[in-house]
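Architecture at a glance
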Amino acid sequence: MSEMTRLSELGQFQPRSPLASDDDAVRAESLRLLARGLGENKPVHRRMSDMLSVVLALSSRTRRMVLPKVSVDIDVFSPAGRRALRMYMPQED
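Residues numbered from 1 in each chain as written. Predicted model: local features only at pLDDT ≥ 70, side-chain atom pairs only at ≥ 80, totals over all residues. Heavy atoms only, no water.

1. Regarding the overall build of the protein chain
For the protein chain, the count of helices and strands is three helices and zero strands. The helix and strand sequence of the protein chain, counted from the amino end, reads α-α-α. Taking 12 Å as the expected radius of gyration for a compact globule of 93 residues, we find that the protein chain reaches 27 Å, considerably beyond that expectation. Summarising its shape, the C-alpha atoms of the protein chain cover approximately 75 × 55 × 25 Å along the three principal directions. Within the protein chain, the fraction of its 93 residues that count as buried is 3%. Taken as a whole, the protein chain presents about 9600 Å² of accessible surface, with 59% of it coming from carbon and sulfur. (Helix = DSSP H or I, 4+ residues; strand = E, 2+ residues; numbered from the N terminus. Rg over C-alpha atoms; globule rule 2.2 N^0.38 Å. Buried < 20%, exposed > 50% of the residue type's maximum accessible area, 1.4 Å probe, protein only. Areas by Shrake-Rupley, 256 points an atom, 1.4 Å probe, with all protein chains shown as cover.)

2. A few points about the pattern of salt bridges
Applying the stated rule across the entire model yields four salt bridges. Ionic pairing is found between Asp24 and Arg27, a salt bridge with its closest N-O pair at 2.3 Å. One end of the pair, Asp24, and the other, Arg27, are both in helix 2 (residues 24–39), three residues apart, so they sit about a helical turn from each other. A relative accessible area of 28% places Arg27 in the partly exposed class. In this structure, Arg83 and Asp75 form a salt bridge, with 3.2 Å as the shortest nitrogen-oxygen distance. The class for Asp75 is exposed, based on a relative accessible area of 54%. (Salt bridge = Lys/Arg side-chain N within 4 Å of Asp/Glu carboxyl O.)

3. Re the confidence of the model for the protein chain
Of the residues in the protein chain, 90% reach a pLDDT of 70 or more, and the chain-wide mean stands at 81. Taken element by element, the predicted model of the protein chain shows its lowest mean pLDDT in helix 1 (residues 3–11) (78) and its highest in helix 2 (87). (pLDDT = per-residue confidence, 0-100.)

4. Some words on the side chain of Ser30
With respect to the helices and strands, the residue Ser30 is situated in helix 2. Among the residues examined, Ser30 registers a relative accessible area of 12% and is labelled buried. Look past the residues within four positions of Ser30 in its chain and what remains in contact with it is Pro18 and Leu19. (Contact = heavy atoms within 4.5 Å.)

5. Some words on a nonpolar patch on the surface
On the surface, Val70, Val72, Ile74, Val76, Leu85, Met87 and Met89 cluster together into a nonpolar patch covering about 710 Å² of accessible area. Tracing the backbone through its elements, the reader meets Met89 in the segment after helix 3 (48–66). Met89 sits in the exposed class, given a relative accessible area of 61%. (Patch = residues over 30% accessible without salt bridge, like charges linked within 9 Å, V, L, I, M, F, W, Y side chains within 5 Å.)

Following this line, the structure appears as structure tokens:
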């Protein structure tokens, strides 16, 4: 499929969601139903181990953020003495 075919299909796209309706009442009703569905969720009961794992994860992430960035050089050679591995990693400044 060529790029022009994909673009022409995209240009003919017709949204079917009630949220894309031109009628304000239809859009408002759709939003009301979405909000009601979000509000009906039952509260989640967390265990102490769940809370502790969240705290530990946040703590370790914070510690890693303050550490200085490091670079690692890896040299791998074949028995014949030639380079056996070449690895490129993106560098962040």
